[in-house]
Amino acid sequence: MKESLPPVPSLLAVCAHPDDESFGLGGILGAFADAGTRCSVLCFTSGEASTLGADGGDLAEIRPRELAEAAEVLGVSAVELLDHPDGGLAEQPLEDLTAHAVRVAAEVGSRMFLVFDEGGITGHPDHLRATEAALAAADAIGGRVLAWAIPDRVARALNAEFGATFVGRSEEEVDVAIRVDRARQRRAMECHGSQALNTPVPWRRLELTGEVEWLRYLRR
Ligand SMILES: [Zn+2]
């Protein structure tokens with residue numbers, strides 16, 4: 001029997017790119033918001049290096065706007081967007097990233113971090129780094145970390161269909177399983193027009209995953 005969401009007053013999602021909060025964490029953030037948790041997002045980059053949607057204008061300007069709109073759909077009350085280099089997060093000093101996570105957690109009164117699983121879900125080095133920073137921040141303040149994980153079978157299917165590098169988990173490895181509102185998540189994803197309309201992958205992932213999201217505690 002899996003656990004349900006922990007009742008926390010405030011939660012801070014720590015992400016690498018605008019759209020991670022929706023494509024990845026959207027179902028979970030919506031569920032926390034519905035449960036009365038104050039949800040905030042810290043995003044380390046503006047997503048300016050994306051290969052998608054660049055013909056529509058300057059991504060460094062477009063993507064923060066998209067993030068703000070998506071946050072509203074998900075019931076996220078605060079967004080802090082930093083301008084570390086998209087694609088270069090792994091080269092940023094960990095203590096700098098960690099200090100930002102500690103600061104924002106204090107500002108929003110959260111001791112619970114929400115992150116991508118340790119494999120980065122897609123395997124993107126920026127995702128791995130964002131999770132690493134949240135873990136270090138949690139250790140610094142005695143906080144907890146919940147990580148969004150995808151099922152092995154979904155990762156395998158996506159890797160076969162798209163030649164991708166998704167990293168999944170077996171059911172025994174996850175602590176929490178919750179039903180989420182995919183319609184709301186899809187509305188948030190649609191706010192990221194420069195990205196969402198230019199790739200089938202996140203949509204296919206939702207289709208394969210179904211209505212239930214998995215989470216693992218990286219710090220209890
Ligand atoms: Zn990302």
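Here the residue index of a chain counts from 1 through its sequence in written order. It should be noted that, the model being predicted, local features are given only for residues of pLDDT at least 70 and side-chain atom pairs only at 80 or more, the latter also being counted only at that level, while totals for whole chains, interfaces and linings use all residues.

Participant: Whenever I open this one, the overall build of the protein chain confuses me. Can you help?
Facilitator: Secondary structure elements are taken from DSSP: a helix is a run of H or I of four residues or more, a strand is a run of E of two residues or more, and numbering for both begins at the N terminus. Along its length, the protein chain carries nine helices and seven strands. For 220 residues, the compact-globule estimate of 2.2 N^0.38 gives 17 Å, and the C-alpha radius of gyration of the protein chain, at 16 Å, lies within 12% of that figure. With respect to the principal axes defined by its C-alpha atoms, the protein chain has extents near 45 × 35 × 30 Å. For the purpose of contact definition, each residue receives a C-beta atom placed from its backbone, and two residues are in contact when these atoms lie within 7 Å. A fraction of 82% describes how many contacts in the protein chain between residues 6 or more apart in sequence connect residues 24 or more apart. To get the radius of gyration, use the C-alpha atoms; to get the globule rule, take the number of residues to the power 0.38 and multiply by 2.2 Å.

Participant: How do you make sense of the packing of helix α2 (residues 26-34) against helix α7 (residues 182-191) when you look at a structure like this?
Facilitator: Axis angle and axis distance: for two packed helices, these are the angle between their axes and the distance between the axes, and together they describe the pair. Two numbers describe how α2 lies on α7: the axes approach to 8 Å, and their chain directions differ by 120°. In this view, α2 runs oblique relative to α7, as classed from their interaxial angle. Note that α2 runs across α7; the crossing there is right-handed. Facing G26, G27 and G30 of α2, the residues of α7 in contact are R182, R184, Q185, A188 and M189. Here the nonpolar group is Ala, Val, Leu, Ile, Met, Phe, Trp, Tyr, Cys and Pro; Asp, Glu, Lys and Arg are the charged ones; every other residue, Gly included, is treated as polar. Looking at side-chain class alone, the contact of α2 with α7 contains two nonpolar, four polar and two charged residues. The angle between two axes is taken between their N-to-C directions and runs from 0 to 180 degrees, where each axis is a line fitted to C-alpha atoms and a helix contributes only its stretch in contact. Orientation is classified from the angle alone, with under 35 degrees giving roughly parallel, over 145 giving roughly antiparallel, 65 to 115 giving roughly perpendicular, and any other angle giving oblique. Handedness of each helix crossing follows the sense of rotation of the near helix against the far helix: counterclockwise by less than a right angle gives left-handed, clockwise gives right-handed.

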